[in-house]
Amino acid sequence: MDFQFLAARREGPVEHLTLNRPEVRNAFNEHVIAELTAWARGVREQAARGEVRVAVIGGAGKMFCAGADVTWMSKTVQYTEEENLRDAAAMSAMFGAIDALPVPVIGRIQGAALGGGAGLAAVCDVVVAADDALFGFTEVKLGIIPAVISPFALAKIGRSAARELFLTGARFSAVRAREIGLVHAVVPSAELDGAVAGYVQDFLTAAPEAVAAAKALIPNVWGRPFSEAAPITAAAIAQRRVSKEGQEGLRAFLDKRTPSWSQRVPNTEDTKDTKK
Ligand code: COA
């Protein structure tokens, strides 16, 4: 896939995406949003063909992402209400498309993830952050609100942290981000790539269709009463047990052998487990 503001590269079954506007700290405007949406569509198609099993999203330069492009947003004052709604819906669709990817998505955060940048972290399944990275739902400091990202951010950090952080717009540390569920691993900058590779390795030893089904199960079960969830969960596990993967995984365990889907991280001889 060729992009103007993104750099995408594949290493075997691992798709690496870099937000590539470092001069504005990878802030996203309508063009970046369109490219990210197209990228997610492409990854979905490649995943369906079994070509991609994991995606890693990072940012070029010092910062992961400074959120929505303030210059672009300030211009939207000239838009009609209909144009503004269309623009916001496109941004919402972009986050939704990444959130619903059938492969695990790892966020690699250095520097800062602010506003929509924190929203991007929220649509990743696993977020690995440098210990000096800063996070913030900073929108209210600019007179706007974290609206489009709120479903994804709330699902990660919950209502209590959101009431503090959405309302103050305060910046917070990677350790705090981990405490509230936005980040999963905090490591020194020099160990970011090793920690990401550790997660990639974990995903490559898990069955790809099972991983996709487990990912889809979470929003499907979340918030439902047990009586509604129970038939959904029973159907989901019954399907997996009789699936080719389920049979292969159970048989491989009993035969004491590696299941057929298990792969090593490409280009990595030794993957350290640096998760903390
Ligand atoms: N939109 C557009 N441009 C942005 C931007 C954004 N969200 N964030 C940073 N930039 C631009 C700056 O205007 C600056 O442009 P210039 O070189 O033409 O002056 C350039 O990126 C570098 O920013 P600067 O602040 O000098 O870099 P820094 O490394 O010291 O700090 C940040 C980086 C991200 C911490 C800081 O720019 C910042 O706080 N940005 C606002 C983030 C934010 O609140 N986003 C929420 C948007 S809803």
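Nothing here was measured: the structure is a model prediction, and the numbers come from that model. (Residues numbered from 1 in each chain as written. Predicted model: local features only at pLDDT ≥ 70, side-chain atom pairs only at ≥ 80, totals over all residues. Heavy atoms only, no water.)

**Quick notes on the packing of helix α9 (residues 226-242) against helix α10 (residues 244-255)**
Packing of α9 against α10 brings their axes to within 4 Å, and their N-to-C directions diverge by 70°. The orientation of α9 with respect to α10, classified from their angle, is roughly perpendicular. Residues Arg240, Arg241 and Val242 of α9 lie in contact with α10, whose contacting residues are Lys244, Glu245, Gly246 and Gln247. Looking at the contact of α9 with α10 residue by residue, the class counts come to 1 nonpolar, 2 polar and 4 charged. (Axes fitted to C-alpha atoms, helices over the stretch in contact; angles between N-to-C directions. Helix = DSSP H or I, 4+ residues; strand = E, 2+ residues; numbered from the N terminus. Parallel < 35°, antiparallel > 145°, perpendicular 65-115°, else oblique. Contact = heavy atoms within 4.5 Å. Nonpolar A, V, L, I, M, F, W, Y, C, P; charged D, E, K, R; others polar.)

**Some points on the confidence of the model for the protein chain**
Looking at the protein chain, the pLDDT average stands at 95 and 96% of residues meet or exceed 70. Note on residues 269-276: pLDDT is under 50 here. Beyond four places in sequence and across chains, it has 22 contacts. (pLDDT = per-residue confidence, 0-100.)

**Regarding the nonpolar core**
In terms of nonpolar packing, the biggest core is built from 54 residues, with Phe28, Trp39, Leu120, Phe135, Phe137 and Leu182 touching the most fellow members. Val128, Val187, Leu192 and Leu204 belong to the second largest nonpolar core, which has 17 residues in total. (Core = buried A, V, L, I, M, F, W, Y, C linked by side-chain atoms within 4.5 Å. Buried < 20%, exposed > 50% of the residue type's maximum accessible area, 1.4 Å probe, protein only.)

**Focus: the packing of helix α8 (residues 208-221) against α9**
Two elements in contact, α8 and α9, have axes whose closest approach is 11 Å; the angle formed by their N-to-C orientations is 175°. One element, α8, and the other, α9, form an angle in the roughly antiparallel class. For the pair α8 and α9, contact is made by Glu209, Ala210, Ala213, Leu217, Asn220 and Val221 and by Ala229, Ile232, Thr233, Ala236 and Arg240, respectively. Class assignment of the residues belonging to the contact of α8 with α9 gives a composition of 7 nonpolar, 2 polar and 2 charged.

**Structural notes on the packing of aromatic side chains**
On inspection of all chains with the given rule, the structure shows 5 aromatic pairs. Seen from their ring centres, phenylalanine 135 and phenylalanine 172 are 6.1 Å apart, and the 25° between their planes marks the pair as stacked. Of this pair, phenylalanine 135 sits in strand β7 (residues 134-136) while phenylalanine 172 is found in strand β8 (residues 171-173), placing the two residues 37 residues apart along the sequence. Neither residue differs from the other here; phenylalanine 135 and phenylalanine 172 are each classed as buried. Positioned over the ring face of phenylalanine 5 is arginine 21, at 5.4 Å from the centre of the ring. (Phe/Tyr/Trp six-rings, centres within 6.5 Å; stacked < 30°, edge-to-face > 60°. Lys NZ or Arg CZ within 6 Å of the ring centre and 35° of its normal.)

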